[in-house]
Amino acid sequence: MSENELTVNQATETAEAEARQFELQQRKAMIYAKSTLVPKDYRNNVANVLIAMKMAKQIGADDLMVMQNLYIVHGNPAWSAKFYIACFNSCGTYSSIQYRMNEAKTECVAYCIELATGAVMEGVTVSLAMAKAEGWSTKNGSKWKTLPELMLRYRAATYLIRTVAPQLTMGF
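The shown structure was predicted, so the numbers you read here are calculated from the model rather than taken from an experiment. All residue numbers refer to positions counted from 1 along the written sequence of the respective chain. Local features in a predicted model are, by the rule used here, given only for residues with pLDDT of at least 70; side-chain atom pairs are given and counted only at 80 or more, and totals for whole chains, interfaces and linings are based on all residues. The basis for the side-chain values is all heavy atoms of the structure; hydrogens and waters are excluded.

Asker: What exactly am I supposed to notice about a nonpolar patch on the surface here?
Answerer: Together, Ile 113, Leu 115 and Val 120 make up an exposed nonpolar region whose accessible area comes to about 270 Å². Topologically, Leu 115 is positioned in the loop between β4 (107–113) and β5 (120–122). Like charges within 9 Å and nonpolar side chains (Val, Leu, Ile, Met, Phe, Trp, Tyr) within 5 Å are joined into patches, using only residues over 30% in relative accessible area that form no salt bridge. Shrake-Rupley sampling with a 1.4 Å probe provides the accessible areas, and residues are treated as covered by the protein chains on show and by no other component. Any carboxyl oxygen of Asp or Glu within 4 Å of a side-chain nitrogen of Lys or Arg constitutes a salt bridge here. Helix and strand definitions follow DSSP, with helices as H or I runs of at least four residues and strands as E runs of at least two, each counted in order from the N terminus.

Pasting the structure below:
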C-alpha cells in the first residue's frame, strides 16, 4: 500500500468517525430537546441544544448545567450570574468575590484579591439608579423590584468578572 493510499484511508476513517460522533450528538440533543428539564430556548430546538453541548464540552461542564445557565439575549448566548460567579470563585486565580454596599443598600461594588500578587481587583459600582436608567428594574418579571440587594450583587459580580477575568466568560 502506498503512502498516498494510507493518507486517503486515514482521512476516510477520520471523516467516518466524525460523522458517527455527530450522529450520536444529534441523538443525544434530540433527547434533551424533548425534556421539560431544559429551559424553553432548548425545548424542541435541537440546534440550540447542539450548540450548548459544544459549549459545555469546550469549558468541561455538564450539558444540562450549561443549558440551565446559558440563555439567549437578542441571538447571543449569555451566562447566568450565578454560573459566572461559580466559575470565577473556583478558578483558583482570585479569592472568592466579596461585596461592598453603601449604607442604604442602593449601591454595590464587587471585589476580589488576585492570589499571586495580593492586588485588590475592583469592579464598577452598580446602583439601583443604574438599574432604573438601564431598564433592568422595569422589565416584566424583573427581580430588581423584589430582590434588589441580590440583583445588585449579581450585576456587580458580573461586571467584575467581565473586566478582571474575561477569559472565564469566553470559555477559555
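Asker: So what exactly am I meant to see when it comes to the pairing of strand β3 (residues 98–101) here?
Answerer: Taken residue by residue, a regular strand's side chains alternate between the two faces of the sheet. Here a strand pair is declared whenever DSSP counts at least two bridges between the two strands. By the bridge criterion, four bridges tie β3 to β4 in an arrangement that is antiparallel. Across the sheet, the residue bridging to Arg 100 is Val 109, located in β4. Between β3 and β4, which pair antiparallel in sequence order, lie five residues; one of them, Lys 105, sits at a positive phi of approximately 60 degrees.

Asker: I'm lost on the side chain of Ser 127 in this one. Help?
Answerer: Relative to the helices and strands, Ser 127 resides in strand β6 (residues 126–127). Each residue is assigned to one of three classes by its accessible area relative to the maximum for its type, calculated with a 1.4 Å probe on protein chains only: buried under 20%, partly exposed between the two thresholds, exposed over 50%. The class for Ser 127 is buried, based on a relative accessible area of 13%. If sequence neighbours within four positions are ignored, Ser 127 has contacts with Thr 106, Glu 107 and Leu 152. Every residue pair with non-hydrogen atoms within 4.5 Å of one another is taken to be in contact.

Asker: Got a minute to help me understand the nonpolar core in this structure?
Answerer: Among soluble globular proteins, nonpolar side chains are generally buried collectively. In this description, a nonpolar core means a group of buried Ala, Val, Leu, Ile, Met, Phe, Trp, Tyr and Cys residues linked to one another through side-chain atoms lying within 4.5 Å. In this structure, Tyr 42, Val 49, Met 67, Phe 88, Ile 97 and Trp 144 are the most contacted members of the largest nonpolar core, which totals 35 residues. At the level of elements, α1 (3–34), α2 (46–59), α3 (63–69), α4 (81–89), β4 and α6 (148–164) are the ones that each hand at least two residues to this core. Looking at which element gives the most residues to this core, the answer is α6, with seven residues.

Asker: Would you explain the environment of Asp 62 in this entry?
Answerer: By secondary structure assignment, the location of Asp 62 is in the loop between α2 and α3. Classification of Asp 62 by relative accessible area gives partly exposed; the value is 45%. Sequence spacing of Asp 62 and Val 120 is 58 residues, and the spatial spacing of their C-alpha atoms is 32 Å. Polar side-chain contacts of Asp 62 include one of 3.1 Å to the backbone nitrogen of Met 65. Polar contacts, as counted here, are pairs of nitrogen or oxygen atoms within 3.5 Å of one another; within protein the pair requires one atom able to donate a hydrogen and one able to accept it, and residues that are adjacent in sequence qualify only if both atoms are side-chain atoms.

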